[in-house]
Amino acid sequence: QRRTEANLMNIPRYKIDEFEPRNEAWGLAFPREYQTYSQMSDTLFRSKYGGSAFRDLLNEDPRLVILFAGYSFSKDYNQARGHVYSIVDVHNTLRTGTPANENEGPQNSTCWACKGPDVARVITQMSPADFYKTKWSAMLSEIVNPIGCANCHNPSDMTLRLFQIPLKEAYERMGKNVESLPLNKMRTMVCAQCHSEYYFKGDGKYLTFPWDKGLNVEDIEKYYDEYAFADWIHPLSKTPIIKAQHPDFELFQHSIHYQRGVSCADCHMPYVTEGSQKITDHKVQSPLNNMEASCMVCHKQSKETLIKNVYERQDKVHHQKIALEDLLVKAHIEAKYAWDKGANEKMMEPILKLIRQAQWRWDFVAASHGASFHAPLESMRIIADGIEKASEARLLLSRVLASLGYNEPVPMPDISSKEKAQAYVGIDFKKLKQEKEAWKKERLPQWLKEAKEREQKMPMPERIM
Amino acid sequence: QRRTEANLMNIPRYKIDEFEPRNEAWGLAFPREYQTYSQMSDTLFRSKYGGSAFRDLLNEDPRLVILFAGYSFSKDYNQARGHVYSIVDVHNTLRTGTPANENEGPQNSTCWACKGPDVARVITQMSPADFYKTKWSAMLSEIVNPIGCANCHNPSDMTLRLFQIPLKEAYERMGKNVESLPLNKMRTMVCAQCHSEYYFKGDGKYLTFPWDKGLNVEDIEKYYDEYAFADWIHPLSKTPIIKAQHPDFELFQHSIHYQRGVSCADCHMPYVTEGSQKITDHKVQSPLNNMEASCMVCHKQSKETLIKNVYERQDKVHHQKIALEDLLVKAHIEAKYAWDKGANEKMMEPILKLIRQAQWRWDFVAASHGASFHAPLESMRIIADGIEKASEARLLLSRVLASLGYNEPVPMPDISSKEKAQAYVGIDFKKLKQEKEAWKKERLPQWLKEAKEREQKMPMPERIM
Amino acid sequence: MFKWVKQTLKLFQPPPNWRVPVIVLAGIFTGTGLFVFYTSRAWSYLSDEPATCVNCHIMRPQYVTWHHSSHREHATCNDCHVPHDNIFRKYYFKANDGLRHATIFTLNTYPQTIYMHKPGQKVVQENCIRCHGDLTAMVKANVDLDAILAGNGKRCWDCHREVPHGTVKSLSATPFGTAPVPKTDTPNWLKKLIK
Ligand SMILES: [Ca+2]
Ligand SMILES: [Ca+2]
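Just so it is clear, the model here is predicted, and its values are computed rather than measured.

## Points about the overall build of chain C
Moving on, step 1. What chain C contains, in helices and strands, is 10 helices and zero strands.
Moving on, step 2. Taken over 195 residues, chain C has a buried fraction of 33%.
Moving on, step 3. A sequence separation of at least 24 residues applies to 64% of the contacts in chain C between residues at least 6 apart.

The following block contains the structure:
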């Protein structure tokens, strides 16, 4: 009978290991899903602000170089691409440096946490704490499969599951259980495993979601303030900065779609008809590249109208976001000027606090590439708050500077291009890039070879039905 | 028989004059609409920010007294009530003063323009220009019926029509025709006749809608800047201020509801079933007092959820609006301080420009009492812009003050209550109120008596079917 | 069989001294009942013809939207709104719903906005799957209302929001939509009298 059949259809005909990391292996059982998954290698689509095409964000907006000065994001920061690139991109980024061996930095293995299903495999062999403690380089031969099936599915019946242990821990700390969520929530939670703000806690660099006080921008700030936490000290203004990373899940809470029960998968993994079957489109991408299936089933408007709606929201948020960046760039540079003129800690303390708050607000919105559509009003509210705080910092700075005998606009460097901005903060992009290329030719292949040999010993799943 | 009834048309059984101002007269023909219209006298409903209950806005937020200093809105400004109060409220407000005779100010008859159907009657007897030139007091015996049927309807077939001549002129200047609009647009345009930003042009105080360059806040600002127009010069900061008045129609353009073809009447005058008839609810009011008929026709959610959605948007906009008010209050007072310390015009010019821009943005959002729900994102964007500009003004002020030897926070007056704020700007509310009461007892009744006598000579409509 | 009916009927027989008032009362009830049944056209519910649903003018927006929908050619009101798994459930459901709506309509106590209640939703969900189950077999949306209410899936029309009535149900959305005008029950002689 059909109902029974329906329930059987997703039971794989192959025996797949609990943490089988190879997506091809799952693909044997589910060729249709695997095929759409593979389409993620396409990097042609580029929307006004998103898409899977390669976009150098520092190039598009050199202000970022100043805001991230002293932190690895000022070296290299690109727009995200499809999940199949997760491994290549983390190899490529200058943020991971060129470690010569398994004990060298700059990064720890926490950087792998969201880059693929091998993480789940390795982490159960050691403990999460031990895993995060190792250097990123130590896992180059272990973590090689891009984000895939094992990150979201139980192999026994293909139900959704969460591999991200720190997510479960964060929920436990909030007194909530993430294991027994209904399917509708899981269609969002599988994404929340990675598309969430995080930090590396303590020397062990333990991956931690900072949600103990709530998920709003102010709640998370309070959490960090209590720890007096800082990701780094800004070298120009000396501000202790909190870096926000892709709080897509957090901001999504403020979305009317979320409030109406729409999940991430509804838009980013809509159903498609494949032959005579509806399946889930596993090409996770910008919905603007797939309006018919993602938006237009719920909304009867034309594709053009809906894209216009999206761009209108994005434009408005973007415009004010840039205004806030301008203020923050000025604030950092004016603060440096004040220090140089002899300002003391006591004078600067309230100012640095305001810069910290303003930059946190800016980054919270800027780092979530979907936010300006997901939650435009909340994004705008946060930016407005940031504008107020950054401006207040600059007002106080003008009083400090005047008290030190300087009562004029502070001269600003030329940061009209990525090159100029990087030169100003002392980054030699070309050199770093060359080193990276050399590393990719000379060091990386060795690790990848080891991985291949290891995987060749793993049998492919057996057919059982 | 309910079903038979359903097929009757809206051709009135009575012969109603083209500009019949008496709503009771129309009510003969349309008792059901008239009955719902009459329910507007109910002033019990109060939502979080709106409703028809009496709310003294200066009392709820004394900052307004400072922002409107030197302008009549600092004397008296209340939340709008139902249309049936339009005449009483314009009698009551301190903004219209206590004219002793028909040639005394402070206001011109332009103030009547949106207060009732008598305007249409009188204006066709003279010309609009001549009408606006007269003093407000000259029309006290002419304009006595509150906003009603003749403002929106053709008496011959009850189709919607526009009485507001300056609206047609504004559309003509934009090269558009407002006469031949489809019904769905008319369901918004009848409201746009009054719920729009306006100014009094030239000495003739000709009612004018400033839309020649477009309807956005920036377009209208550009229009006014070109005229170097100012409603008044702020006595503290000496800023030439543009007053924004209820740009409900303008901001509504940025609403997703507008973009989806929803009209003002859909929410504020929904269809209701009266007996077995669907009629238009003529109790124009906050939809929050009538969720079933207004929102829930299109939205499946519960009343509670929908009200929560409204409040969430209003709260967010309100919060940032207050932040902007705080900045503007400070800017005005700091500017006064700078003048007092000897600042000159050249130093102050860029500052006053910024204050003008910031206050215009604030008022544009604040004056539209529905905006924070109608167009929350656009409202927030405008406020964010205002925050940036007001802050910039304060930064420049701090440099000016420092150059005059003052490098500290400027002392602020206590404006924690309406009384204190009015005392600070030199308004004696009690005295004005007493004068008004006396005027209402001694002068006003005479005019109203004249009106009554005049109306008694007008016959009631005759039954023709 | 006949005997069993007779015995059952006997159970309802009032004691002899109550007979007259009971017969009178029963007559009034039956008469009123028949009037309600007739004038409200509750018998419409027994038919599968969509036009009969608009006998109640408040069904007009639904009729008009359906009439302009992709389903007009494929599914009538009852294809969606009435169970189809077995005859007994079909007519039981119809009678139950039909009489309740007829009463509400005649008593004029219906709300400003009508909604599909839980039992109705269950039936419609089943019917979507009845027709489209092959297509949707693979996906978890292919579930019944209980699973949906537990959060394990969505109603088909949570996504297919326009099927078949559209998202705006008010008359303003269908101002010019024409539905078959119900015939009046008022006899001609009475009409003349009123005039
Ligand atoms: Ca972080
Ligand atoms: Ca104005």
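## Observations concerning the packing of helix α18 (residues 345–366) of chain A against helix α20 (residues 376–403) of chain A
All names here are of chain A.
Moving on, step 1. Put simply, α18 and α20 touch, their axes get as near as 8 Å, and they point 155° apart. Our classification of the angle between α18 and α20 gives roughly antiparallel. Between α18 and α20 lies a crossing of left-handed hand.
Moving on, step 2. Looking at the contact of α18 with α20, its residues break down into 16 nonpolar, four polar and four charged.

## A look at the coordination of the calcium ion (ligand 1)
All names here are of chain A.
Moving on, step 1. The coordination sphere of the calcium ion (ligand 1), as far as protein atoms go, consists of Glu 197 (OE), Glu 197 (OE), Tyr 198 (O), Lys 243 (O) and Gln 245 (OE1), spread over 2.3 to 2.7 Å.
Moving on, step 2. Counting along the primary sequence, the residues that act as donors to the calcium ion (ligand 1) give the motif E-Y-x44-K-x1-Q. With Tyr 198 in the loop between α11 (183–192) and β2 (199–201) and Lys 243 in the loop between β5 (240–241) and α13 (248–252), this pair connects stretches of sequence that are 45 residues apart.
Moving on, step 3. Given a relative accessible area of 1%, Lys 243 falls into the buried group.

## Observations concerning the confidence of the model for chain C
Residue and element names in this part refer to chain C.
Moving on, step 1. Overall, the prediction assigns chain C a mean pLDDT of 70, with 56% of residues at 70 or greater.
Moving on, step 2. At the level of individual helices and strands, chain C shows its lowest average pLDDT in helix α10 (residues 188–194), which scores 49, and its highest in helix α9 (residues 156–159), which scores 91.
Moving on, step 3. When the criterion is pLDDT under 50, residues 35–44 qualifies, and its contacts beyond four places in sequence or with other chains add up to 22 contacts.
Moving on, step 4. Taken together, the stretch residues 173–187 has pLDDT below 50 and engages in 31 contacts with residues farther than four places along the chain or on a different chain.
Moving on, step 5. The ipTM assigned to the predicted complex is 0.90, against a pTM of 0.92.

## Some points on the coordination of the calcium ion (ligand 2)
Residues and elements named next belong to chain B.
Moving on, step 1. Around the calcium ion (ligand 2), the protein contributes the donor atoms Glu 197 (OE), Glu 197 (OE), Tyr 198 (O), Lys 243 (O) and Gln 245 (OE1), which lie 2.3 to 2.7 Å from the metal centre.
Moving on, step 2. The sequence pattern formed by the donor residues of the calcium ion (ligand 2) is E-Y-x44-K-x1-Q. Here Glu 197 is found in the loop between α11 (183–192) and β2 (199–201), whereas its partner Lys 243 is found in the loop between β5 (240–241) and α13 (248–252), with 46 residues between them in sequence. Comparing Glu 197 with Lys 243 shows no difference in burial state: the two are buried.

## With respect to the interface of chain A and chain B
Moving on, step 1. With 34 residues of chain A at the contact, the number on the chain B side is 34 residues.
Moving on, step 2. Summed over both sides, the interface between chain A and chain B buries roughly 3100 Å², with carbon and sulfur atoms accounting for 53% of that surface.
Moving on, step 3. Sorting the residues of chain A by area buried against chain B places Arg 260, Leu 377 and Arg 399 of chain A first, and these three jointly supply 21% of that buried surface.
Moving on, step 4. Connecting chain A to chain B are two salt bridges.
Moving on, step 5. If you look at where chain A meets chain B, you find 13 residue pairs in polar contact (both at pLDDT 80 or more).
Moving on, step 6. At the level of elements, α14 (256–259), α17 (303–340) and α20 of chain A are the ones that each hand at least two residues to the side of chain A that touches chain B.
Moving on, step 7. In terms of residues, the side of chain A that touches chain B owes the most to one element, α20 of chain A, which gives 17 residues.

## Things to note about the relation of the copies chain A and chain B
Moving on, step 1. Turning chain A through 180° and shifting it by 0.0 Å along the axis lays it on chain B, with an RMSD of 0.1 Å. What the rotation and shift describe, once combined, is the action of a two-fold rotation axis.
Moving on, step 2. Taken as a fraction of all interface residues of chain A, those also at the interface in chain B reach 100%, which identifies the copy contact as same-surface.

## Remarks on the nonpolar core
When a protein is soluble and globular, its nonpolar side chains tend to lie buried together.
Moving on, step 1. Counting residues in hydrophobic clusters, the biggest one holds 189 residues, and the most contacted among them are Trp 112 of chain A together with Trp 112 of chain B.
Moving on, step 2. Once residues lying within four places of it in the same chain are set aside, the contact partners of Trp 112 of chain A are Ile 87, Val 90, His 91, Val 119, Phe 131, Trp 136, Met 139, Leu 140 and Ile 143 of chain A.

What counts and how
Residues numbered from 1 in each chain as written. Chains lettered and ligands numbered in written order. Predicted model: local features only at pLDDT ≥ 70, side-chain atom pairs only at ≥ 80, totals over all residues. Heavy atoms only, no water. Helix = DSSP H or I, 4+ residues; strand = E, 2+ residues; numbered from the N terminus. Buried < 20%, exposed > 50% of the residue type's maximum accessible area, 1.4 Å probe, protein only. Contact = heavy atoms within 4.5 Å. Axes fitted to C-alpha atoms, helices over the stretch in contact; angles between N-to-C directions. Parallel < 35°, antiparallel > 145°, perpendicular 65-115°, else oblique. Left-handed = near helix turned anticlockwise from the far one by under 90°. Nonpolar A, V, L, I, M, F, W, Y, C, P; charged D, E, K, R; others polar. Donors = N, O, S within 2.8 Å, 3.2 Å for Na, K, Ca; no water. pLDDT = per-residue confidence, 0-100. Buried area = accessible area lost by both parts, 1.4 Å probe. Salt bridge = Lys/Arg side-chain N within 4 Å of Asp/Glu carboxyl O. Polar contact = N/O pair within 3.5 Å; in protein donor to acceptor, adjacent residues only side chain to side chain. Least-squares fit on C-alpha atoms with pLDDT ≥ 70 in both. Core = buried A, V, L, I, M, F, W, Y, C linked by side-chain atoms within 4.5 Å.

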